[in-house]
Amino acid sequence: MASAPERAAGASDDAQRGPAHDVPFYTIGQVATLLDVPQAQLRRLDDLEVVQPERSTGNQRRYTQDEIDRLREVIELTDEGVTLPGIRKVLELRRRVDELEQQLADRDRAED
DNA sequence: ATTCTTACA
DNA sequence: TGTAAGAA
């Protein structure tokens, strides 16, 4: 396992930590290496609101494991030839499905 | 040193 | 889409 969050690079033991919990994060460089994609791609994905990493310390992106998981899916699509505009379309459809699912759940609860 | 934004090929 | 310059 050569993929540990902001930590194992030989840096100090007390790297950046969350305010309350020990929620580890990855820098854009680590994510880029981990997913084997150029950093520019990750930034473009951010601009397209595919992921919304928190910003801190000089507007630097801090990716959580959750964001990386979403990134994996999207990058898998890009590797299959889906362009970024296509990704937007997929996300739009996904939002729609989520919305409809919620409406269904809502209705099922109401008809009891 | 690493990342950020903006711009260009 | 990938790379560069210059700032933080």
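The written sequence of each chain sets the order in which its residues are numbered from 1. In the order they appear in the text, chains get letters beginning with A and ligands get numbers beginning with 1. Only residues with pLDDT of at least 70 are given local features in this predicted model, and only at 80 or more are side-chain atom pairs given and counted; all residues enter the totals for whole chains, interfaces and linings. Only hydrogens and water are set aside when side-chain values are computed; all heavy atoms of the structure are taken into account.

Right, let's get into a negative patch on the surface. Each patch is assembled from residues with relative accessible area greater than 30% and no salt bridge, linking like charges that lie within 9 Å and nonpolar side chains (Val, Leu, Ile, Met, Phe, Trp, Tyr) that lie within 5 Å. Throughout, the Shrake-Rupley method with a 1.4 Å probe supplies accessible areas, and for residues the shown protein chains are the sole cover considered. Any carboxyl oxygen of Asp or Glu within 4 Å of a side-chain nitrogen of Lys or Arg constitutes a salt bridge here. Positive charges come from Lys and Arg, negative ones from Asp and Glu, while His and the chain ends are left out of the count. Where a charge lies is defined by one atom per residue type, namely NZ (Lys), CZ (Arg), CG (Asp) and CD (Glu). Taken together, the side chains of Asp-36, Glu-76, Asp-79 and Glu-80 make up a negatively charged region of the molecular surface. Only DSSP runs of H or I with at least four residues qualify as helices, and only runs of E with at least two residues qualify as strands; both kinds are numbered from the N terminus onward. You can see Asp-36 is positioned in the loop between helix H1 (28-35) and helix H2 (39-47).

Next up on the list: the layout of surface pockets. A cavity here means a set of 1 Å grid points, computed over protein atoms only, where a 1.4 Å probe fits but cannot escape. A pocket is an open set with protein on both sides within 12 Å along at least 5 of 7 lines, and lining residues have an atom within 4 Å of a point. Grid points are joined across faces, edges and corners, and a volume is the space filled by probe spheres set on the points. Quantified by volume, the largest pocket comes out at close to 170 Å³. In terms of lining, the largest pocket is formed by Glu-49, Val-50, Val-51, Gln-52, Glu-67, Arg-70, Leu-91, Arg-94, Arg-95 and Asp-98. Broken down by secondary-structure element, the contributors of at least two residues to the lining of the largest pocket are helix H3 (65-79) and helix H4 (84-111). Looking at the lining of the largest pocket element by element, the count peaks at 4 residues for H4.

UniProt positions are given in the numbering used here, feature names are shortened, and annotations may be inferred rather than shown by experiment. As recorded in UniProt, the sites labelled "domain: HTH merR-type" (unreviewed entry) are residues 25-93. Secondary structure content for residues 25-93 is 61% helix and 9% strand, while the C-alpha to C-alpha distance between its ends is 29 Å.

This paragraph deals with H2. Residue pairs spaced three or four apart in an α-helix point in one direction, given the helix's 3.6 residues per turn. The classification of residues rests on relative accessible area computed with a 1.4 Å probe and restricted to protein chains. Under 20% of the type maximum is buried, over 50% is exposed, and intermediate values are partly exposed. Within the sequence span of H2, burial applies to Leu-42, Leu-45 and Asp-46. An end-on view of H2 places all buried positions within 100 degrees of arc, on one side of the element. What points out from H2, more than 90 degrees from its buried face, is the exposed set Arg-44 and Asp-47. Residue contacts are defined here by distance: any two heavy atoms, one from each residue, within 4.5 Å place the two residues in contact. The elements touched by buried residues of H2 are H1, strand E1 (54-56), strand E2 (60-62), H3 and H4. A positive backbone phi angle near 50 degrees is found at Glu-49, which sits one or two residues after H2. Arc definition: it is the arc formed by the directions from the helix axis to the C-beta atoms.

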